[in-house]
Amino acid sequence: AAHELRTPLAALQTQAQVACRAISPDERNIAMCNVLEGVDRAARLTEQLLTLARVDPEHVDAAHVPVVLRRMAIQLMSEIEPMAHRKQIELVLNEGSEVTVMGNEGHLVILLRNLLENAIKYTPEGGQVDVTIYRAPNGKAILAVQDTGPGVPEEDRKRILDRFYRVPGSAAVGSGLGLSIVKSIADHHNAQVQFQSGMGGRGLLVAVAFGA
């Protein structure tokens, strides 16, 4: 965590020094914009580190209550929609049943938010992100998010749940913590996180399977 924080802080220091030495207003403005971007990145990383600590199964002791996944998804997707709209990405909630699981609703909201934000971040403009909720034949409740992004090579799928791991060659800016947070919350709910190719073999599908 200290290593990951050191990188954006070093970049901030560099851009601040550039701004201090800038002669022209344009040069100074560009440097200050870069400083603001760096602050946003560092703040996001800090927020994710705090979230990861808060949802760590070893430190969570919260009562589970019935959570209607579809109702939760509808509310959260309305909040996330502006983020998708900026990239002209269509958010779709597929037809499904009113599946209920026992869980910590606040943490499940964080789980779905991270899945959606990840999908939107890695999906090119004009793409699509789908949410599907259903009860599988084996009785497990399934919450799945799939996208039309570049996907993840099969050999990397075992590692993308690791903290700070990012797929080599990824163009999107991130800390590699989003799916780690998802895994921590899933572990606390005795759920499994599964990966497969997305729509028509494109993109990535992340499914969280809750025990019957």
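Please read all numbers here as calculations on a predicted model, not as lab measurements.

### Topic: the overall build of the chain
Next, step 1: For the chain, the count of helices and strands is 5 helices and 7 strands.
Next, step 2: Ordered by position from N to C terminus, the α and β elements of the chain give α-α-β-α-β-β-α-β-β-α-β-β.
Next, step 3: Looking at the chain residue by residue over its 212 residues, the buried ones come to 45%.
Next, step 4: Within the chain, contacts between residues separated by at least 24 positions form 69% of all contacts whose residues are at least 6 apart in sequence.
Next, step 5: Total accessible area on the chain stands at roughly 11500 Å², and carbon and sulfur atoms take up 53% of it.

### With respect to helix α4 (residues 105-122)
Next, step 1: Between its terminal C-alpha atoms α4 stretches 26 Å, which fits the 26 Å expected from 18 residues at 1.5 Å a residue.
Next, step 2: Buried residues of α4: His107, Leu108, Ile110, Leu111, Leu112, Asn114, Leu115, Leu116, Glu117, Asn118, Ala119 and Ile120, and no others.
Next, step 3: The backbone nitrogen of Gly106 lies 3.1 Å from a side-chain oxygen of the residue at the head of α4, namely Asn104.

### Looking at the nonpolar core
Next, step 1: If you look at the biggest cluster of nonpolar residues, it comprises 39 residues, and the most contacted ones within it are Leu69, Leu116 and Phe210.
Next, step 2: Counting residues per element, the ones that place at least two in this core are α3 (69-86), α4, β4 (128-135), β5 (141-147), α5 (178-188), β6 (191-197) and β7 (204-210).

### Topic: the environment of Cys20
Next, step 1: Structurally, Cys20 is set in helix α1 (residues 2-21).
Next, step 2: Linking Cys20 and Met32, residues 12 residues apart in sequence, is a C-alpha distance of 9.6 Å.

Cut-offs used in this document
- Residues numbered from 1 in each chain as written.
- Predicted model: local features only at pLDDT ≥ 70, side-chain atom pairs only at ≥ 80, totals over all residues.
- Heavy atoms only, no water.
- Helix = DSSP H or I, 4+ residues; strand = E, 2+ residues; numbered from the N terminus.
- Buried < 20%, exposed > 50% of the residue type's maximum accessible area, 1.4 Å probe, protein only.
- Contact = heavy atoms within 4.5 Å.
- Areas by Shrake-Rupley, 256 points an atom, 1.4 Å probe, with all protein chains shown as cover.
- Expected span 1.5 Å × (residues − 1).
- Polar contact = N/O pair within 3.5 Å; in protein donor to acceptor, adjacent residues only side chain to side chain.
- Core = buried A, V, L, I, M, F, W, Y, C linked by side-chain atoms within 4.5 Å.

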